[in-house]
Structures are given as structure tokens and as C-alpha cells.
Amino acid sequence: MIIGCGIAGATTALRLARNPGRQITVVTRARDAQESSTRYAQGGIVGRGADDNSEMLLADIIAAGAGLSSPHAARILAEEGPLLLHEVLEETARITFDQDTKGQPLFTREAAHSRRRILHVGDATGNAIMKGLIAALHRCPNITIESHTTAVDLITFPHHSRDPLDNYQAITCHGAYLFDRNERTVHRCLAAATVLATGGLGRIYRNTTNPAGARGDGIAMANRAGARIANAEYIQFHPTALAVPGAEGFLISEAVRGEGGILITPDGRPFMSEYSPVWKDLAPRDVVARAIHHEMERNSYSYVLLDIASRMSAVAISERFPNIYNQCLNVGVDITSDPIPVVPAAHYFCGGVLVDEWGLSSIENLYAVGEISCTGVHGANRLASTSLLEGLVWGNRAGQHIERSLDQRTRSRTGFENVPPWDESGLVADADPALIQGDMQTIQNIMWHYVGLVRSAERLSRAIRELRHLWNEIETFYRTTKLDDGLIGLRNAVEVALIVAQAALHNRQSRGCHYRQDSVTAEGDRLI
Ligand SMILES: Cc1cc2nc3c(=O)[nH]c(=O)nc-3n(C[C@H](O)[C@H](O)[C@H](O)COP(=O)(O)OP(=O)(O)OC[C@H]3O[C@@H](n4cnc5c(N)ncnc54)[C@H](O)[C@@H]3O)c2cc1C
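Analysis parameters
- Residues numbered from 1 in each chain as written.
- Predicted model: local features only at pLDDT ≥ 70, side-chain atom pairs only at ≥ 80, totals over all residues.
- Heavy atoms only, no water.
- Helix = DSSP H or I, 4+ residues; strand = E, 2+ residues; numbered from the N terminus.
- Rg over C-alpha atoms; globule rule 2.2 N^0.38 Å.
- Buried < 20%, exposed > 50% of the residue type's maximum accessible area, 1.4 Å probe, protein only.
- Contact = heavy atoms within 4.5 Å.
- Areas by Shrake-Rupley, 256 points an atom, 1.4 Å probe, with all protein chains shown as cover.
- Lys, Arg positive; Asp, Glu negative; His and termini not counted.
- Charge placed at Lys NZ, Arg CZ, Asp CG, Glu CD.
- Pairing = 2+ DSSP bridges.
- Axes fitted to C-alpha atoms, helices over the stretch in contact; angles between N-to-C directions.
- Parallel < 35°, antiparallel > 145°, perpendicular 65-115°, else oblique.
- Left-handed = near helix turned anticlockwise from the far one by under 90°.
- Nonpolar A, V, L, I, M, F, W, Y, C, P; charged D, E, K, R; others polar.
- Near = heavy atom within 4 Å.
- Polar contact = N/O pair within 3.5 Å; in protein donor to acceptor, adjacent residues only side chain to side chain.
- Expected span 1.5 Å × (residues − 1).
- Core = buried A, V, L, I, M, F, W, Y, C linked by side-chain atoms within 4.5 Å.
- Disulfide = S-S within 2.5 Å.

A. Summary view of the overall build of the protein chain. Each helix and strand in the protein chain was counted, giving 15 helices and 17 strands. Its C-alpha atoms give the protein chain a radius of gyration of 22 Å, within 12% of the compact-globule value 24 Å for 528 residues. Each of the three principal axes of the protein chain carries a C-alpha extent, and together these read 70 × 55 × 45 Å. Among the 528 residues that make up the protein chain, the fraction classed as buried is 60%. Looking at the protein chain alone, contacts between residues at least 24 apart form 74% of all its contacts between residues at least 6 apart. With an accessible surface of roughly 20700 Å², the protein chain has 50% of that area assigned to carbon and sulfur atoms. Distance between charge centroids for the protein chain: 2 Å, based on 51 positive and 59 negative side chains.

Structure (C-alpha cells):
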């Protein structure tokens with residue numbers, strides 16, 4: 001069973017489906033299987049540029065990771081990624097990336113990349129990827145997609161076992177409890193291997209580029225089951241989300257700066273060279289995001305501006321960025337003539353469920369792939385456009401590992417008789433949407449103000465106190481109310497918010513995208 005249907009989950013499914021003897025169930029809480037963070041990716045995916053090689057990509061990943069990237073994991077990504085991109089995305093999912101008139105790939109450049117190596121489909125790369133991947137899943141007769149189905153909790157032994165002697169065994173995953181959003185019932189889904197591919201947690205922040213489903217469900221489930229979570233303090237904030245009412249959080253891709261766009265204050269002053277004399281507007285995301293935050297705080301601006309209009313012709317802008325152009329035009333900003341109002345927003349979770357080089361977590365039979373996982377690639381900060389590639393590489397690797405381990409497995413599978421059914425007896429009250437929305441907004445505000453771009457012991461301690469209180473309230477709410485997707489998400493959101501806040505409090509050293517104003521920075525990082 002694969003929980004999540006973005007690039008990572010879909011890639012695992014496609015890999016496993018090569019063996020016609022396997023039955024693969026892909027679960028997604030969304031009604032439309034394409035709905036995921038993957039769908040909204042704009043900038044593109046790392047390929048192998050014309051004057052590029054895996055050593056150069058590796059060096060860029062390691063530099064962006066601020067000393068915390070695992071060299072082994074980063075090398076796997078740099079070496080396997082571009083090949084898999086061709087095999088899975090171009091061949092299996094039949095995606096055509098943008099090309100020039102001679103049929104050569106059109107590579108763009110993004111922040112902290114030393115080469116032009118990003119492949120894209122206009123500025124709606126994720127949309128093309130999801131269309132291609134879902135179509136490929138549908139072509140496989142041994143894959144079943146269960147959409148509009150929310151995973152509630154993992155089935156792990158000894159936790160859910162009816163046999164007390166299982167207490168002496170290592171924690172093992174046997175599947176998950178799934179909430180059918182149409183029927184409003186919970187069923188057990190037992191699986192020989194379970195893969196978490198539920199994406200990130202941006203939605204626990206007030207300002208985020210992430211879609212509604214990115215509320216940390218899989219991380220909370222894995223945490224409750226006892227899996228190791230690592231690097232949870234490293235939340236990457238994207239510097240440029242649209243700051244126009246009605247389209248808050250809509251991402252203005254880094255590729256806009258890659259094509260020459262520059263950040264200016266509302267009174268027209270370019271400012272990035274003050275913060276990063278070498279990289280300027282293409283400095284790593286954490287540097288750019290904090291620079292904007294600093295300018296906004298120091299000068300009481302409610303946004304800064306991103307100017308592409310004076311750097312590219314109107315025709316070139318609307319051809320290169322049709323999606324951004326149209327979305328902005330819908331809310332009254334013509335990016336071919338006006339600068340774009342932008343603010344930073346929570347964008348990517350660099351930490352996650354700790355996994356090995358095959359995507360295996362610290363729990364037997366439980367894998368995690370994609371943004372939910374911590375493979376070590378991103379360290380303290382993710383290099384732009386490597387997350388789609390990581391989903392592809394570890395999605396594929398998890399599939400390979402499961403295939404091998406199922407072949408070798410001798411232990412018999414757990415049957416339903418060993419796993420208790422979901423018990424909802426006595427629960428009659430429907431979840432009050434006002435409580436769910438109110439509590440969710442409280443979590444988002446706490447995270448934005450106290451666990452955001454600039455952190456301190458005082459802010460983090462306050463966040464933890466308030467989140468603990470909320471956790472108690474929400475747990476009671478959860479235990480006394482009929483199940484609902486919003487309630488499942490709220491329970492998970494408060495749990496992952498606490499995980500992030502606690503990790504941020506424990507780590508006093510500023511590094512990459514974790515910035516403590518009450519601490520020294522890691523050597524080499526500029527304090528802003
Ligand atoms: C606006 C935006 C732009 C981006 N641009 C880029 C880019 O240009 N290049 C790049 O490399 N990265 C980019 N990223 C990051 C990248 O898109 C994500 O990191 C990546 O797509 C994550 O893929 P995934 O498969 O791990 O998860 P997702 O694509 O988020 O998929 C998660 C899946 O899990 C399902 N799910 C969640 N919870 C549950 C549950 N409880 N039960 C059942 N199903 C569940 C969801 O429905 C979904 O199917 C961008 C992200 C955003 C938000």
C-alpha cells in the first residue's frame with residue numbers, strides 16, 4: 001500500500017507494478033488523484049545541463065545544505081536522478097519537457113545552481129508531471145487508486161496487536177486504518193509493505209505555498225507509531241509568494257529571478273546585493289527570504305516587489321511564464337508591466353521521517369518517500385528543484401527494495417484476526433467545523449509568529465506551551481467526535497507543529513533555513 005499519490009508515491013507504484021504478481025493500492029485523500037504539491041510545482045526538475053555532470057550537481061546540493069546534507073544520499077540523487085527522469089517521466093509517463101527549435105532541452109537556472117540544468121514544461125511543470133504519472137498508473141492493471149480516502153493511523157505491532165507476546169518484537173507496520181470520505185467509515189487495509197508518500201506540512205503555517213492536503217498527516221502517523229523523525233526544524237520558506245488578496249500563497253517561481261527578475265522595495269530600491277554580494281537575487285532561499293523579512297520588518301512594508309517587467313520583453317514574459325502571468329492578471333497584476341507584490345511563505349519541509357538509502361524507516365515494513373521523508377539530501381536547506389527529483393529517486397528505490405524484500409520474506413503475513421477493527425462505538429457528535437477551522441488558524445498563527453523565519457528561545461517556548469494546551473484540547477475533541485477528514489488533519493497538524501517547534505527549540509545553532517536570532521550562526525552564514 002502506498003499512501004499518497006504525488007511524484008514519490010506514483011513512482012513507487014510504477015516501479016512495483018513491473019511485477020504483474022504484485023497488487024498495489026495507492027491511497028489519496030484527494031478526490032482527484034492529481035491533487036498534490038507535485039501538481040503545483042512550477043520551476044521544474046533538475047536534469048543534466050549541457051555543461052554539467054553529477055559532481056557539479058552534488059557540489060551545489062552540498063553547498064545549499066549548509067553542512068548538513070548526507071554526502072552519500074546527495075550522491076545517489078545526483079547520479080541516479082537525471083537517468084530516472086528520462087526513464088520514468090519521459091518514457092513511462094510520456095512527459096515532454098520544453099525544447100528549442102532543434103529539439104534540444106531548454107534548461108533554466110534557479111537559485112544556488114551553478115549551471116542551467118532545470119527542465120520544465122512552461123511554468124506548470126508539476127501539472128504536466130501529475131497528468132503523465134496518473135495516466136501511467138491507470139495503464140497498469142495491478143494498481144488500484146483509492147481516492148477520497150484519508151489514512152488515519154498506521155497499523156503497527158505491538159501497538160495494535162491482540163497478542164501480548166508481540167511486545168517483544170520490533171515495531172512492524174502491517175498497513176493502515178483508512179477513512180472512506182464518501183461512506184464516512186474506517187476500514188483496515190493490511191499490506192505486506194506500507195509506503196508513506198503524503199508530502200509536506202506547509203499548511204501548519206499561516207503563509208504557505210502548499211495546497212490544503214499538506215498538513216503533515218504521514219509525519220504525525222509515523223511519529224505516533226514510534227518512527228524516528230529528523231531535522232524537523234528545517235522548514236524552507238520560499239521568498240516569493242504572491243501578496244495580493246484572493247491569491248495569497250500563489251508561488252512566484254524562482255525561475256522568475258533565474259530569468260533576471262530582481263527584488264526591490266516598494267519605493268524602488270534593489271536590496272539583495274546588501275545581503276548577498278555574490279549571488280544577489282539568486283542567493284539560497286533562506287538568505288533571500290530573511291532579507292525580505294528583514295526589509296519588511298525594518299521598514300514596516302507589508303510586501304516587497306519582484307520586477308521582471310523591466311528585465312524581459314512582455315512577449316517573452318507571457319511565453320515563459322504563462323501560468324504566473326494569467327494567475328496574476330486574474331487578481332489585477334499585469335507582470336509584463338507591473339512589479340509583483342511578494343512575501344515569504346512556508347514552502348518545503350527539509351526534515352521528515354528518517355529513512356535509509358532505500359526509503360526504509362526505523363519501523364519494519366514502513367517506507368517513506370518524497371517530501372515526508374528525511375533522506376539527508378537536503379540537509380539544512382534544499383537546493384531548488386531537487387525535491388521532485390528526490391521523490392523520483394527514492395520512490396523508485398523504495399519500490400526496488402520492497403520487491404527484493406518481499407521475494408526474500410519468509411514470515412507469514414498478518415491476518416485481520418490479529419488486528420482490531422476500528423472502534424467508533426459511542427461517538428455520535430459530528431465534528432464542529434468552526435472548532436476545526438478556529439483551532440487550525442490558531443496553530444497557523446502560532447507557527448508563523450513564533451516558529452517562523454526568525455526564531456528565539458522565548459518565541460519557541462511560548463509556541464510549545466500554547467501548542468501543548470491545544471494538543472490536549474484537540475485530542476479530547478478527536479476522542480469524543482465522529483471521524484472527519486478535517487478533524488484527522490487538525491489532530492495531525494498540532495502534532496507536527498509540536499515536533500517542529502520542539503526541534504527548533506533544541507537546536508540553538510542557526511544553520512540553513514533554521515535561523516535563531518538568539519544564537520551564533522554556523523560559520524560561513526551571514527547574519528541578517
Ligand atoms: C507551489 C509549489 C511549487 C513547487 N515547485 C517545485 C519545483 O519547481 N521543483 C521542485 O523540485 N519542487 C517544487 N516544489 C516542491 C515539490 O512540489 C514537493 O516537494 C513534491 O511535489 C512532493 O511530492 P510528494 O510526492 O512527496 O508529495 P505530494 O505531491 O504533496 O503528494 C502527497 C500525496 O499524499 C496525499 N495525502 C496526504 N495526506 C494523506 C492522508 N492522510 N491520507 C491519504 N493521502 C494523503 C495527497 O492527497 C497527495 O496525493 C513545489 C511545491 C509547491 C507547493
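B. View of the sheet that holds strand E5 (residues 143-146). Read across the open sheet, the 5 strands follow the order E5-E2-E1-E9-E16; overall the sheet is parallel. Bordering the open sheet on either side are E5 and strand E16 (366-368), each of which pairs with just one other strand.

C. Representation of the packing of helix H13 (residues 433-450) against helix H15 (residues 485-506) within the structure. Their axes nearest at 10 Å, the elements H13 and H15 cross at an angle of 20°. With respect to their mutual orientation, H13 and H15 come out roughly parallel. The interaxial crossing formed by H13 with H15 has left-handed handedness. Packed against H13, whose contacting residues are Ile436, Asp439, Met440, Ile443 and Met447, the element H15 presents Gly486, Leu487, Leu490, Ala493, Val494, Ala497 and Val500 at the interface. Class assignment of the residues belonging to the contact of H13 with H15 gives a composition of 10 nonpolar, 1 polar and 1 charged.

D. The arrangement of the sheet that holds strand E10 (residues 229-230) in detail. The strand order across the open sheet formed by 3 strands is E10-E15-E17, and the pairing between neighbours is mixed. The sheet terminates laterally at E10 and strand E17 (373-374), the two strands that pair on one side only. Relative to E17, strand E15 (residues 352-354) runs parallel, the two sharing 2 bridges. What sits directly across from leucine 354, in E17, is cysteine 374.

E. Region of the structure containing the site of the ligand. In the vicinity of the ligand, 38 residues are found, and the nearest of them are Thr38, Gly44, Asp217, Glu371 and Ser387. Here an oxygen atom of the ligand and a backbone polar atom of cysteine 5 are 2.9 Å apart. The contact in question runs from an oxygen atom of the ligand to an N or O atom on the backbone of serine 385, over 3.4 Å. Coverage of the ligand by the protein chains reaches 97% of its 1000 Å² of free accessible surface. When residues of the shell around the ligand are traced back to their parent elements, those giving at least two are helix H1 (7-17), helix H2 (37-40), strand E6 (149-157), strand E14 (340-349) and helix H12 (387-408).

F. Here's a closer look at H13. Across its 18 residues, H13 extends 26 Å between first and last C-alpha, which sits within 8% of the 26 Å expected from 1.5 Å per residue. Regarding H13, the residues found buried are Ile436, Asp439, Met440, Ile443, Gln444, Ile446, Met447 and Trp448. Near the N-terminus of H13, the side chain that reaches the backbone nitrogen of alanine 434, with its oxygen 2.9 Å away, is that of aspartate 432.

G. Seen up close, the nonpolar core. Ile204, Tyr205 and Ile443 are the most contacted members of the largest nonpolar core, which has 73 residues in total. For this core, the element with the highest residue contribution is H15, accounting for 13 residues. Setting aside chain neighbours within four positions, we find tyrosine 205 in contact with Ile235, Phe237, Ala346, Gln444, Met447, Trp448, Val451, Gly452, Arg455 and Val500. With 59 residues, the next largest nonpolar core counts Ala17, Leu119, Ile129 and Leu133 among its residues.

H. Region of the structure containing the pairing of E6. Summarising burial for E6: 9 of the 9 residues are buried, a large majority. By the bridge criterion, 8 bridges tie E6 to strand E7 (residues 172-180) in an arrangement that is antiparallel. Bridging from a neighbouring strand, leucine 154 pairs with alanine 176 of E7.

I. Just the state of the cysteines, in detail. For the structure shown, the criterion picks out 0 disulfides. Here cysteine 189 stays unpaired: no disulfide links it, and the sulfur of cysteine 173, its closest cysteine neighbor, is 10 Å away. Its relative accessible area of 13% is what places cysteine 189 among the buried residues. Of the cysteine sulfurs around cysteine 374, a residue in no disulfide, the closest is that of cysteine 350, at 8.7 Å.

J. Spatial organisation of the side chain of threonine 12. Turning to its location among the elements, threonine 12 is positioned in helix H1. Those residues within four positions of threonine 12 in sequence are excluded, and the remaining contacts are Ile2, Val195, Val369, Gly395, Ala398 and Gly399.

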